[in-house]
Amino acid sequence: MRSYRKPAAVGLGCLIALATTACSEQGEAARPAPSMSAAPGSSSAAAPGSSSPAAAGTSYAPYVSATEAAGTDSAGSPTTYNLAFVIADGGDCTPRWNGTHAIGDSAVKSRVAALKEDGDQVRVSFGGASGEELAAACDSAPDLAAAYGEALDAAGATRADFDVEGDDLADSASMELRSEAIALLQKERTDLEVSFTLPVMPSGLDKNSLALLGSANNNGVEVGTVNLMTMNYGESYDGDMGGYALTAAKAAHTQLKKVFGTSDAQAWRGMALTSMIGVNDVAGETFTLADAAEVRAFAEEKGVGWVSMWSTARDRQCAKGTATDRAATDCSGVKQSSGAFGEEFAG
């Protein structure tokens with residue numbers, strides 16, 4: 001997903017442990033990287049979605065800037081906000097918001113406090129498409145776990161999202177280090193809920209994403225949610241972005257059942273769907289308000305854990321009400337009223 005960093009000139013109420021079986025690799029067609037840029041499991045582990053999907057419902061948890069408020073942040077009355085993003089500071093193991101703001105920055109603390117004012121939760125999202133991911137910058141699992149913990153404490157959060165994409169997704173060394181660190185963190189923080197945000201195609205998750213989930217399993221990470229980035233599929237896909245999101249979710253659902261050995265309902269409950277609203281980074285891909293309504297209805301029908309979007313700052317019409325064929329950081333590129341996507345995703 002895109003970063004909130006400016007160019008040079010985007011929840012479950014209980015911790016869900018996923019049981020593990022062997023991961024199978026699946027190839028995928030060539031695609032651009034999605035950009036939201038800005039003890040091993042056993043048969044005794046609780047399966048995803050152990051609580052009733054119907055009772056829990058599908059929540060709405062959009063991605064927001066951790067550093068800058070948007071007038072559309074609260075559209076749709078989210079239950080959880082995904083704070084984007086925590087990355088490394090200049091190549092060392094120091095976490096920073098967007099790589100620019102200190103973790104203890106007073107303005108960010110005030111921003112987070114405002115988001116939580118009505119009892120809403122925040123989830124700290126680590127990674128994203130830009131900057132250096134902490135798992136690539138830290139030298140050891142304890143150091144990496146400490147960096148993650150520092151950011152969680154700064155936000156007062158018990159939910160952590162790991163957005164892994166691009167080159168980081170293919171880096172086996174950082175993948176293993178990340179898994180080890182998250183497992184350490186969960187031993188220290190038994191209430192920590194973990195989600196992985198991963199790219200997806202209409203054919204499902206690729207082999208690198210499946211390997212990441214396998215690494216998490218092997219290191220004993222309790223995974224609450226696999227969040228699918230239903231966006232930026234590539235030049236061979238255009239037109240029906242809502243339909244592609246549903247197709248991708250169905251394909252990934254089959255994979256998650258196999259990876260984690262869960263039931264249909266549990267695999268749906270352990271899934272989240274995140275769309276890039278409006279004009280995507282790939283030519284020909286535009287996610288409309290009708291697509292958002294379609295995704296929301298599907299998520300409710302299947303009992304998906306939560307739906308999200310990249311991002312609240314983009315949930316408004318661009319200047320002069322004109323559409324655009326290029327993805328913008330602060331507007332959707334389609335005709336809409338402010339906050340309309342948030343309202344559709346909230347249902």
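Residues numbered from 1 in each chain as written. Predicted model: local features only at pLDDT ≥ 70, side-chain atom pairs only at ≥ 80, totals over all residues. Heavy atoms only, no water.

Just so we agree on the cut-off: UniProt positions are given in the numbering used here, feature names are shortened, and annotations may be inferred rather than shown by experiment.
Going by what an unreviewed UniProt entry lists, the chain is known as chitinase and is assigned to Streptomyces viridochromogenes. UniProt's Catalytic activity (unreviewed entry) comment on the chain is quoted here verbatim: "Random endo-hydrolysis of N-acetyl-beta-D-glucosaminide (1->4)-beta-linkages in chitin and chitodextrins."

**A word on the overall build of the chain**
Let me state the cut-off plainly: Runs of E in the DSSP output that reach at least two residues are strands. Runs of H or I that reach at least four are helices, and both are numbered from the N terminus. Per-residue accessibility, obtained with a 1.4 Å probe over protein chains only, is compared with the maximum for each type, and a residue is labelled buried under 20%, exposed over 50%, and partly exposed between these values. Areas reported as accessible are Shrake-Rupley estimates using a 1.4 Å probe. Residue values count occlusion only from the protein chains shown.
When helices and strands are counted, the chain shows 10 helices and 13 strands. Here the chain holds 347 residues, and the buried ones make up 57% of them. In the structure as shown, the chain presents an accessible area of about 12,800 Å², 47% of it carried by carbon and sulfur atoms.

**Focus on helix 4 (residues 141-155)**
Helical geometry note: an α-helix holds 3.6 residues per turn, so side chains three or four residues apart project in the same direction. Just so we agree on the cut-off: What a helix should span is 1.5 Å times the count of its residues minus one.
Here helix 4 is 15 residues long and its end C-alpha atoms lie 21 Å apart, about the 21 Å a rise of 1.5 Å per residue gives. Listing the buried residues of helix 4 in full gives Ala 141, Leu 144, Ala 145, Ala 147, Tyr 148, Gly 149, Ala 151, Leu 152 and Ala 155. Trailing helix 4 by a residue or two, Gly 156 shows a phi angle of about 65 degrees, which is positive.

**As for the nonpolar core**
Here is the rule: Among the buried residues, those of types Ala, Val, Leu, Ile, Met, Phe, Trp, Tyr and Cys that are joined through side-chain atoms within 4.5 Å form a nonpolar core.
Ranked by size, the top nonpolar core spans 80 residues in total, and within it Leu 83, Val 124, Phe 126, Tyr 148, Phe 196, Leu 213 and Phe 345 carry the most contacts. If one sorts the elements of this core by residue count, helix 7 (residues 241-260) sits on top with 10 residues. One finds Met 1, Tyr 63, Ala 84 and Trp 310 within the second-largest nonpolar core, a separate group that totals nine residues.

**Some points on the state of the cysteines**
Definition in use: We call a pair of cysteine sulfur atoms a disulfide whenever their separation is within 2.5 Å.
A complete count under the given rule lists two disulfides for this structure. Note on cysteine connectivity: Cys 93 is disulfide-linked to Cys 138, with sulfurs 1.8 Å apart. Negative torsions about the S-S bond denote left-handed disulfides, and the value of about 90 degrees found for Cys 93 with Cys 138 makes this one right-handed. Residue Cys 93 is found in strand 4 (residues 92-97), and its partner Cys 138 is found in the loop between helix 3 (134-137) and helix 4; the two are separated by 45 residues along the sequence. Overall, the relative accessible area of 6% leaves Cys 138 in the buried class. Cys 318 shares a disulfide with Cys 331; S-S distance 2.0 Å. Disulfide Cys 318-Cys 331: torsion about the S-S bond near 90 degrees, hence right-handed. Separated by 13 residues along the polypeptide, Cys 318 in the loop between strand 13 (306-310) and helix 10 (340-346) and Cys 331 in the loop between strand 13 and helix 10 bring together distant segments of the chain. The two residues Cys 318 and Cys 331 agree in class, both being buried.

**Let's talk about helix 2 (residues 106-115)**
Note the following rule: It is the directions from the helix axis to the C-beta atoms whose arc is reported. In this description, contact between two residues means that some pair of their heavy atoms is separated by no more than 4.5 Å.
Listed as buried for helix 2 are Val 108, Arg 111, Val 112 and Leu 115. Angularly, the buried residues of helix 2 cover 95 degrees about the axis, an arc narrow enough to put them on a single face. Along helix 2, the residues that are exposed and aim more than 90 degrees away from the buried face are Ser 106 and Ser 110. Where helix 2 is buried, its residues meet strand 2 (63-65), strand 3 (80-89), strand 4, strand 5 (101-102), strand 6 (121-127) and helix 4.

**Thoughts on the packing of helix 6 (residues 207-218) against helix 7**
The cut-off we apply is this: Helix axes use the C-alpha atoms of the stretch in contact, all axes being lines fitted to C-alpha atoms, and the angles between their N-to-C directions lie in the range 0 to 180 degrees. Just so you know how the angles are binned, under 35 degrees is roughly parallel, over 145 roughly antiparallel, 65 to 115 roughly perpendicular, and the rest oblique. Working rule for handedness: look at the near helix, and if it is turned counterclockwise from the far one by less than a right angle, call the crossing left-handed; if clockwise, right-handed. Under the grouping applied here, Gly and all other residues not named as nonpolar or charged are polar, the nonpolar ones being Ala, Val, Leu, Ile, Met, Phe, Trp, Tyr, Cys and Pro and the charged ones Asp, Glu, Lys and Arg.
With their axes 11 Å apart at the nearest point, helix 6 and helix 7 run at an angle of 30 degrees to one another. Between helix 6 and helix 7, the interaxial angle falls into the category roughly parallel. The interaxial crossing formed by helix 6 with helix 7 has right-handed handedness. Contacts between helix 6 and helix 7 involve Leu 210, Leu 213 and Asn 217 from the former and Gln 255, Leu 256, Val 259 and Phe 260 from the latter. When its residues are assigned to classes, the contact of helix 6 with helix 7 shows five nonpolar, two polar and no charged.

**Side note on the pairing of strand 9 (residues 225-230)**
What counts here: The pairing criterion for strands is at least two bridges between them, as found by DSSP. When the strands point away from the viewer, a crossover counts as right-handed if the route from the first strand across the helix to the second turns clockwise.
Taken across its six residues, strand 9 has six buried, putting it largely inside the fold. The side-chain alternation of strand 9 yields two buried faces, one formed by Thr 225, Asn 227 and Met 229 and the other by Val 226, Leu 228 and Thr 230. Two elements, strand 8 (residues 193-199) and strand 9, share five bridges in a ladder whose sense is parallel. Counterpart to Thr 197 in the pairing with strand 9 is Asn 227. A crossover links strand 8 with its parallel partner strand 9, the connecting element being helix 6, and its sense is right-handed. Here strand 9 runs beside strand 10 (residues 271-276); their pairing, made up of five bridges, is parallel.

**Describing the pairing of strand 6**
The buried count for strand 6 comes to six of seven residues, which makes it a mostly enclosed element. Of the pairings in the sheet, the one linking strand 3 to strand 6 comprises five bridges and is parallel in character. Directly across from Tyr 81, in strand 6, lies its bridge partner Val 122. Note that strand 6 and strand 7 (residues 159-163) share four bridges and pair parallel. Looking across to strand 7, one finds that Val 124 is bridged to Ala 160.

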